[in-house]
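What the coordinates show
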Amino acid sequence: MSSKKINIAIVGLGFGAEFIPIYQKHPNANMYAICQRTESRLNEVGNAFGIEKRYSNFSDLLKDPAVDAVHINSPIHLHAEQSLAALKSGKHVACTVPMGITVEECKAIVEMVKTTGLTYMMMETVLYSREFLFVKEMYDKGELGKVQFLRASHQQEMEKWPGYWEGLPPMHYATHCVGPVLGLTRDVAEYVSCFGSGTISAHLIPKYNSPFAIETCHIKFRNSDLSAEVTRSLFNTARQYRESFDVYASKKSFEWTQIEHEQHVIHTGETPSRVSVPDYRHLLPKEIASFTQAGVYDSDSHQHLSFTQGAGHGGSHPHLAHNFLMALVNGTQPYPNATQSANITCVGILAHESAMNGGKIMTLPDFTFS
């Protein structure tokens, strides 16, 4: 492995704080700076992890020539704005999902990446979860046979979530279910058709003029005989929290468990069997391999109650950081890169537009670099 080190700045210290110790221990990263508008939170996190370089203003951070890359974990309506500003200032970008909230924002990021030659990666957790890595390994080895159909869902209850989350259209935050169905075969979506179903509480509707309790979308893959179906719900729908995907193929099929923490199912022909999905820490540098498991992140010298939490998200966090860093160190494209991230994100954006128009077919823009 190269000894090159990348100076990382993390923006947003809610979810973003979970990545600090991963970058601190990664052999190719220097956890250089943090950025948070609330100074009390900025200093709390900076003191807990011993980070000296601190910014309460994002623009000031971008003026720092020592910053090589920013990892953005801000509210979703700021993702595109901050990604574009960082790229324009010469920084590589990793950004939590979604890439943006409009097709135009996604197009602008793709164009900025093309113009600057910098690297962009959307940090979609499901694409690096142990379940996805397990099925991807079977697919790459040919164990599944020919993939025939894919299905995914992301269901949760956000009734009491504040601010911009209230009444959010289900498909506007769909990358957790769109990502795995496109990511398995590394395909892109050509067009979508989506239906809304049911009605959410009246007080939730006005903010986005979105009435639907559930949205379900069919995705047609480009230059492929494959299609997929994804389902998303956010309000007034009884269901245990679920991020799932199913893969139906000619030799073996994978079905997500119906109840969290139970075993998933592999169908070999018509014979089902329960399966224990292994951990994929062996794909990581030894220094960060432990972060695929639940436990205290800052387990060495400055334990802090705020950071006593597990890796979560299927052990994906260290894989995300590692793949972003390897792209920068080796000059390769991460997955998903800017064009792939735009395609994944815009499936959801255009799916909601389709639902508001009775299932109208919506064609995805061609985000391929010209």
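Up top is the structure.
Note that residues are indexed from 1 along each chain, following the sequence as it is written. Confidence filtering applies because this is a predicted model: local features only for residues at pLDDT of at least 70, side-chain atom pairs given and counted only at 80 or more, and all residues used for totals across whole chains, interfaces and linings. Each side-chain value is worked out from all heavy atoms of the structure, with water and hydrogens disregarded.

Structural notes on helix H7 (residues 175-183)
- Throughout this description, buried means an accessible area under 20% of the type-specific maximum (1.4 Å probe, protein chains only), exposed means over 50%, and partly exposed covers the range between. Secondary structure elements are taken from DSSP: a helix is a run of H or I of four residues or more, a strand is a run of E of two residues or more, and numbering for both begins at the N terminus. Within H7, nine of the nine residues are buried, leaving the element largely enclosed by the surrounding structure.
- Residues of H7 that are buried: Thr175, His176, Cys177, Val178, Gly179, Pro180, Val181, Leu182 and Gly183.

Some points on the packing of aromatic side chains
- Side-chain rings of Phe, Tyr and Trp (the six-membered ring for Trp) are treated as a pair once their centres are within 6.5 Å; stacked means planes under 30 degrees apart, edge-to-face means over 60, and tilted covers the remaining angles. Applying the stated criterion across every chain, the model contains nine aromatic pairs.
- For the pair Phe134 and Phe254, a centre-to-centre distance of 6.4 Å together with 65° between the ring planes defines the contact as edge-to-face. Of this pair, Phe134 sits in helix H6 (residues 130-140) while Phe254 sits in strand E12 (residues 252-255), placing them 120 residues apart in sequence. In terms of burial, Phe134 and Phe254 fall into one category: buried.
- Aromatic side chains Trp165 and Tyr173 sit 5.3 Å apart centroid to centroid with 80° between the ring planes, which places their arrangement in the edge-to-face category. For the pair formed by Trp165 and Tyr173, the shared burial category is buried.
- Taken together, the ring pairs in this structure connect Phe132, Phe134, Phe245, Phe254 and Trp256 into an aromatic cluster.

A word on the packing of H7 against helix H9 (residues 338-356)
- Here H7 crosses H9 at 130°, and the two axes come no closer than 9 Å. When the interaxial angle is binned, H7 and H9 end up oblique. Crossing angle aside, the handedness with which H7 passes H9 is right-handed. Where H7 abuts H9, its residues Thr175, Val178, Gly179 and Leu182 lie against Asn343, Ile344, Thr345 and Val347.
- By residue class, the composition of the contact of H7 with H9 is four nonpolar, four polar and no charged. Axis angles are defined between N-to-C directions and span 0 to 180 degrees, where every axis is a line fitted to C-alpha atoms and, for a helix, only to the segment in contact. Between 65 and 115 degrees an angle is taken as roughly perpendicular, under 35 as roughly parallel, over 145 as roughly antiparallel, and anywhere else as oblique. Here a crossing is taken to be left-handed if its near helix is turned anticlockwise relative to the far helix by less than a right angle, and right-handed if that turn runs clockwise. Contacts between residues were defined by any pair of non-hydrogen atoms, one from each residue, lying within 4.5 Å. Think of it as three bins: nonpolar holds Ala, Val, Leu, Ile, Met, Phe, Trp, Tyr, Cys and Pro, charged holds Asp, Glu, Lys and Arg, and polar takes everything else, Gly as well.

Section: the pattern of salt bridges
- Salt bridge, as applied in this entry: a Lys or Arg side-chain nitrogen positioned within 4 Å of an Asp or Glu carboxyl oxygen. Using the criterion set out here, one finds 10 salt bridges in the structure.
- Note that Glu137 is salt-bridged to Lys141, the shortest N-O span being 3.7 Å.
- Looking at Glu137, the relative accessible area reads 31%, which means it is partly exposed.
- For Lys207, the salt bridge identified is with Glu166, shortest N-O distance 3.7 Å. With Lys207 in the loop between strand E8 (189-197) and strand E9 (214-221) and Glu166 in the loop between strand E7 (147-155) and H7, this pair connects stretches of sequence that are 41 residues apart.

Focus: the sheet that holds strand E3 (residues 53-55)
- Pairing between strands is defined by DSSP: at least two bridges between them are needed. The six strands are arranged E3-E2-E1-E4-E5-E6 in an open sheet whose pairing can be described as parallel. In this open sheet, the two edge strands, each paired with only one partner strand, are E3 and strand E6 (120-123). Sheet twist, expressed as the average angle between the axes of neighbouring strands with direction ignored, equals 25°.
- With six bridges joining them, strand E1 (residues 6-11) and strand E2 (residues 29-35) adopt parallel strand pairing. By the bridge assignment, Ile8 is partnered in E2 with Met31.
- On the sheet, helix H2 (residues 39-49) packs against E2 and E3 and is oriented at approximately 165° with respect to E3.
- Of the strands in this sheet, E1, E2, strand E4 (69-72), strand E5 (92-96) and E6 touch helix H8 (residues 317-330), which is tilted by about 175° from E6.

Describing the state of the cysteines
- A pair of cysteine sulfur atoms is labelled a disulfide when the two atoms are within 2.5 Å. Per the counting criterion, the structure on display carries zero disulfides.
- Summary of cysteine pairing: Cys106 is not part of a disulfide, and the nearest cysteine sulfur, belonging to Cys346, is at 3.7 Å.
- Exposure remark for Cys106: the relative accessible area of 0% places this residue in the buried category.
- You can see Cys194 has no disulfide; the closest cysteine sulfur is in Cys217, sitting 5.0 Å from it.
- Its relative accessible area of 0% is what places Cys194 among the buried residues.

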